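Here is how the chains run, residue by residue.
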Amino acid sequence: MYTPRKLVAAILRRCPWRHCHRKQSTATTKLSVSQALAASVEGEEAKNIKIQGWVRSVRSQKDVLFLHVNDGTSLESLQIVAEPRLKNSAISFGSSVEICGTLVKSLSKKQNVELKAEAIHVIGECDSKDFPFKIKEHHPPEYIRQFPHLRCRTNAFGSLLRIRSEATAAIHHFFKSNGYVHIHTPIITSNDCEGAGELFQVQASNREDTQEDDGGFFGVPAFLTVSGQLHLEIMAG
C-alpha cells in the first residue's frame with residue numbers, strides 16, 4: 001500500500017519533465033532571483049541551482065540563448081545563458097519557467113552573476129498576442145491598473161509597493177520601540193464616527209436572506225467606517 005511520500009515519489013518518477021534532470025549526485029538548491037543575484041559564484045554552492053520565475057525578455061542568437069527571468073523578489077532580473085538546443089517555442093515574454101544550472105560570474109557589466117542553464121522547463125505558457133503587456137511598449141499607469149493580477153510584475157508598481165512597505169515598517173518600528181500597541185479598529189460599524197451622515201451602508205447581496213424589518217446586515221444598520229477614533233479613544237483610556 002502506498003504511503004503519501006511514496007505516492008508523491010511515484011508520480012514524480014512518471015512525470016516527463018521531473019522539474020530538473022537528476023543526473024547530478026548533488027541535490028538541487030532552489031533560490032529566489034534576489035538570492036541568486038547575491039549568491040557566491042565559487043564553490044559547490046554555485047552548482048545545481050534552480051530558479052523559478054517569469055520571462056522578462058528572450059534574445060536568441062546563433063550560438064547562445066539569453067533570457068531575463070524575474071520572480072518578484074527583486075526589481076533586477078537574473079540573466080540566463082543557455083545553449084541554443086534548450087530553445088523552446090513555448091519560451092516567450094510572460095511565460096513561467098523553471099531553470100536549473102550553475103551560477104557563474106557574468107562577462108557583462110550590467111550584472112555580477114548569471115545562470116548558465118543546463119535545463120529549462122516551461123511551467124506555464126503565455127500567448128504574446130493575448131498578453132496585455134507588450135515587451136517593447138510603455139504602458140501608462142491607467143492601463144496597468146486594469147489588470148490587478150499582473151500590475152505588480154511591472155517595475156513601476158513593484159517600486160511603489162516596496163516604498164510603501166519600507167515606510168510602513170519604519171513607522172511600526174518607531175511606535176513599537178516607544179511602547180505603543182497597534183490596534184485594528186472595526187471596518188464595519190453601526191457608529192457614525194464623524195457625524196456627517198454620509199456613510200456607505202453594508203447590506204446582504206441577496207435581500208431574500210434578510211428580514212425587511214431587521215434593520216440591516218447585522219440586525220442593525222451597518223456601515224463602512226470612516227474613522228477608528230471612537231474605538232481608539234476607549235483603548236487609549
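- Under the annotation held in an unreviewed UniProt entry, the protein carries the name asparagine--tRNA ligase and is attributed to Engystomops pustulosus.
- Under Subcellular location (unreviewed entry), UniProt gives the following word-for-word description of the protein: "Mitochondrion".
- Within the UniProt record for the protein, the comment given under Catalytic activity (unreviewed entry) is "tRNA(Asn) + L-asparagine + ATP = L-asparaginyl-tRNA(Asn) + AMP + diphosphate + H(+)".

## With respect to the overall build of the protein
- A tally of regular secondary structure across the protein gives five helices and eight strands.
- From first element to last, N terminus to C terminus, the protein shows the α and β order α-β-α-β-β-β-β-β-α-α-β-β-α.
- Across the 237 residues that make up the protein, the buried fraction comes to 30%.
- In the protein, 56% of the contacts between residues at least 6 apart in sequence involve partners at least 24 apart.
- In the form shown here, the protein has an accessible surface area of approximately 16900 Å², with 55% of it arising from carbon and sulfur atoms.

## Re helix H4 (residues 155-177)
- With 23 residues, H4 ought to run about 33 Å at 1.5 Å a step, and its terminal C-alpha atoms sit 32 Å apart, in line with that.
- Among the residues trailing H4, Gly 179 stands out with phi positive, at a value near 90 degrees.

## A word on the packing of aromatic side chains
- As enumerated under the stated definition, the model contains seven aromatic pairs in all.
- Measuring from centroid to centroid gives 5.8 Å for Phe 93 and Phe 131, while their planes differ by 80 degrees, and the two rings are edge-to-face. Note that Phe 93 is positioned in the loop between strand E4 (78-82) and strand E5 (96-105) and Phe 131 in the loop between strand E6 (113-124) and helix H3 (141-144), a separation of 38 residues in sequence.
- Take Phe 131: its relative accessible area is 12%, and that puts it in the buried class.
- When the ring of Phe 131 is compared with that of Phe 133, the centres are 6.0 Å apart and the planes differ by 80 degrees; the resulting orientation is edge-to-face.

The rules behind these values
- Residues numbered from 1 in each chain as written.
- Predicted model: local features only at pLDDT ≥ 70, side-chain atom pairs only at ≥ 80, totals over all residues.
- Heavy atoms only, no water.
- UniProt positions renumbered as here; feature names shortened; annotations may be inferred.
- Helix = DSSP H or I, 4+ residues; strand = E, 2+ residues; numbered from the N terminus.
- Buried < 20%, exposed > 50% of the residue type's maximum accessible area, 1.4 Å probe, protein only.
- Contact = heavy atoms within 4.5 Å.
- Areas by Shrake-Rupley, 256 points an atom, 1.4 Å probe, with all protein chains shown as cover.
- Expected span 1.5 Å × (residues − 1).
- Phe/Tyr/Trp six-rings, centres within 6.5 Å; stacked < 30°, edge-to-face > 60°.

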